[in-house]
Amino acid sequence: MKLSVIGCGYLGAVHAASMAELGHEVVGIDVDERKVATLAAAEAPFFEPGFEELLARTLATGRLRFSTDFADAAGSSVHFVCVGTPQKRGEYAADMRYVQGAVESLLGVLEPGDLVVGKSTVPVGTAAGLAELVESKVPGALLAWNPEFLREGFAVEDTLHPDRLVYGLPAGADGDTARALLDEVYATIVERGTPKVESDYATAEMVKTAANSFLATKISFINAMAELCEATGADVKLLADAIGYDDRIGRKFLNAGLGFGGGCLPKDIRAFMARAGELGADQALTFLREVDNINMRRRIRMVELAREVCDGSLLGKRVAVLGAAFKPDSDDIRDSPALNVAAQLQLQGAVVRVTDPAAVENGRRLWPQLDYADTAEEAADRADAVLVLTEWTQYRELDPVTFGKVVRQKRVLDGRNALDRDAWTAAGWTYRALGRRAG
Ligand SMILES: NC(=O)c1ccc[n+]([C@@H]2O[C@H](COP(=O)([O-])OP(=O)(O)OC[C@H]3O[C@@H](n4cnc5c(N)ncnc54)[C@H](O)[C@@H]3O)[C@@H](O)[C@H]2O)c1
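Residues numbered from 1 in each chain as written. Predicted model: local features only at pLDDT ≥ 70, side-chain atom pairs only at ≥ 80, totals over all residues. Heavy atoms only, no water.

The name an unreviewed UniProt entry gives the protein is UDP-glucose 6-dehydrogenase, with Blastococcus saxobsidens as the organism. Listed in UniProt under the heading Catalytic activity (unreviewed entry), the comment for the protein reads: "UDP-alpha-D-glucose + 2 NAD(+) + H2O = UDP-alpha-D-glucuronate + 2 NADH + 3 H(+)". (UniProt positions renumbered as here; feature names shortened; annotations may be inferred.)

(A) Quick look at the packing of aromatic side chains. Under the criterion given, the structure shown has seven aromatic pairs. Between Phe403 and Trp424, the aromatic rings sit 6.4 Å apart at their centres with planes inclined by 75°, giving edge-to-face as the arrangement. Pair noted here: Phe403 is in helix H17 (residues 400-403) and Trp424 is in helix H18 (residues 421-426), with a separation of 21 residues, a long-range link. An identical accessibility class is assigned to Phe403 and Trp424; each is buried. (Phe/Tyr/Trp six-rings, centres within 6.5 Å; stacked < 30°, edge-to-face > 60°. Helix = DSSP H or I, 4+ residues; strand = E, 2+ residues; numbered from the N terminus. Buried < 20%, exposed > 50% of the residue type's maximum accessible area, 1.4 Å probe, protein only.)

(B) Region of the structure containing the side chain of Ser199. Checked against the element boundaries, Ser199 lands in strand E8 (residues 196-199). Of the polar contacts made by the side chain of Ser199, one reaches the backbone nitrogen of Ala204; its length is 3.3 Å. (Polar contact = N/O pair within 3.5 Å; in protein donor to acceptor, adjacent residues only side chain to side chain.)

(C) Summary view of the pattern of salt bridges. Counted according to the given criterion, the structure contains 35 salt bridges. The salt bridge involving Arg353 is made with Asp371; its shortest N-O contact spans 3.1 Å. On the criterion of sequence distance, the pair formed by Arg353 in strand E10 (residues 351-355) and Asp371 in strand E11 (residues 371-372) is long-range, its members being 18 residues apart. The partly exposed category is assigned to Arg353, whose relative accessible area is 22%. (Salt bridge = Lys/Arg side-chain N within 4 Å of Asp/Glu carboxyl O.)

(D) View of the packing of helix H9 (residues 201-232) against helix H11 (residues 265-278). At a minimum axis distance of 9 Å, the contact between H9 and H11 shows a crossing angle of 115°. For H9 against H11, the interelement crossing comes out left-handed. On the side of H9, the interface is formed by Met206, Lys208, Thr209, Ala210, Asn212, Ser213, Ala216 and Ile219, while H11 contributes Leu265, Asp268, Ile269 and Phe272. Here the residues of the contact of H9 with H11 are counted per class, giving seven nonpolar, three polar and two charged. (Axes fitted to C-alpha atoms, helices over the stretch in contact; angles between N-to-C directions. Left-handed = near helix turned anticlockwise from the far one by under 90°. Contact = heavy atoms within 4.5 Å. Nonpolar A, V, L, I, M, F, W, Y, C, P; charged D, E, K, R; others polar.)

(E) Expanded view of the domain arrangement of the protein. What the domain assignment reports for the protein is domain 1 (2-199) and domain 2 (234-433). Of note, the centres of domain 1 and domain 2, computed from C-alpha atoms alone, are 33 Å apart. The partner domain 2 presents 20 residues to the 18 residues of domain 1 that form the contact. If you look at where domain 1 meets domain 2, you find one salt bridge. The partner of Arg334 in a salt bridge is Glu152, and the shortest N-O contact between them spans 3.5 Å. Summed over the shared surface of domain 1 and domain 2, the result is eight residue pairs in polar contact (both at pLDDT 80 or more). For the side of domain 1 that touches domain 2, the residue count by class is 11 nonpolar, five polar and two charged. (Domains from an automatic or database assignment.)

(F) Inspection of the layout of surface pockets at higher detail. Of the volumes computed, that of the second largest pocket is approximately 170 Å³. Residue lining of the second largest pocket: Lys88, Ala93, Ala94, Met96, Pro123, Val124, Gly125, Thr126, Ala271, Ala274, Arg275 and Glu278, and that is the complete set. Per element, the largest residue contribution to the lining of the second largest pocket is four residues, and it comes from H11. Among the residues making up the lining of the second largest pocket, the classes are represented as seven nonpolar, two polar and three charged. The residue makeup of the lining of the second largest pocket includes at least three contributed by each of domain 1 (2-199) and domain 2 (234-433). (1 Å grid on protein atoms, 1.4 Å probe; cavity = no way out; pocket = protein on both sides within 12 Å on 5 of 7 lines; lining within 4 Å. Points joined across faces, edges and corners; volume = space filled by probe spheres on them.)

The following block contains the structure:
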């Protein structure tokens, strides 16, 4: 099939290359000239394991190309909308300019029988409005909503082997047409028996925001337990292990620590609250405000803990921050808890050096006021405290004995409960973590 993918960021670029991998002829379109040139040169504009290889492989087949010109989307029968939906400045709601703009640009190339497929995470009600626009301007063209659940760090695997497909379809015969086109696009995935949920637009849109709200709630739940553990002397890691054995609860997403960040969870739960308010159903989601509060409190607590281990004052203390990305195996620093903490430490007078295996370049560009180092050893040189704020494998596997030789004071704050506490304390480190007693 001939497909277009509008918006080639973390979601769209991986989607475009993955669709080419499935055998389709794909054009990826983005307004960002630099990104398009980078992708066309087979270079990944962001760090995502396995993506650059996939990009090189699919570009080499001739089935994948990138462009800044919407005219190149002409002739495709399915058009995926993968542009950003960031939080509006000063408001909780999502900024829908990019989705609106992308669909309006597509109107010029759509033909009757074409299908526009929304993948961006949007406020419920968006698809119905866009379907009306598409059908009124290009009679015979249709719209479906097909939310995306990929995880950064596993984006290629998640796109090629999703755990479910969700189709938000128009009613009646149009729904059958849209379903048939989507089934053709995802034939390889459908034939594998991947669970598929077909619904109206509103349900499909809500599946994504409900899923993210649930995940955020689970993380904040265990972080609330961590606050109580700190108050009682209990150990949140053991608590999570013990409750996680109950398969109704499960151990995943139950790691207490610095909480969630990134380009999705924080803005998605806020946009969901804002939309519920517009719909007169705000009470249903007031709990998400508390989920957000618990999450943001963890960052403040981390800074307090750093001050505590630095004998009550951060002024002039050398602090190493290991991790800048919002999660490991990504260079995404959007709403990164690690950088948020690093900036607060610096504002309180600490001499902060940040390092990350993939996100230093993004950090330098977007948070230039912070000082960066290329390696953990460089960042921790003569440090008074080391904070592990993103749980990269490289940091989990640091040898506390050799690493102890570069610092001035052997004090480690495990912001992700990711280190082997016994090994670090045995090597003479003072170990502190959120929700656990001092080691
Ligand atoms: N990143 C993820 O892990 C993930 C997972 C699931 C869903 N999503 C959702 O997918 C959407 C995209 O997220 P992302 O992380 O890829 O964002 P991103 O910022 O990395 O990418 C968005 C891209 O859209 C481009 N763009 C903006 N306006 C455009 C236009 N009018 N025409 C063409 N291109 C345009 C931008 O230049 C940018 O490259 C969001 O709604 C997000 O919530 C993201």
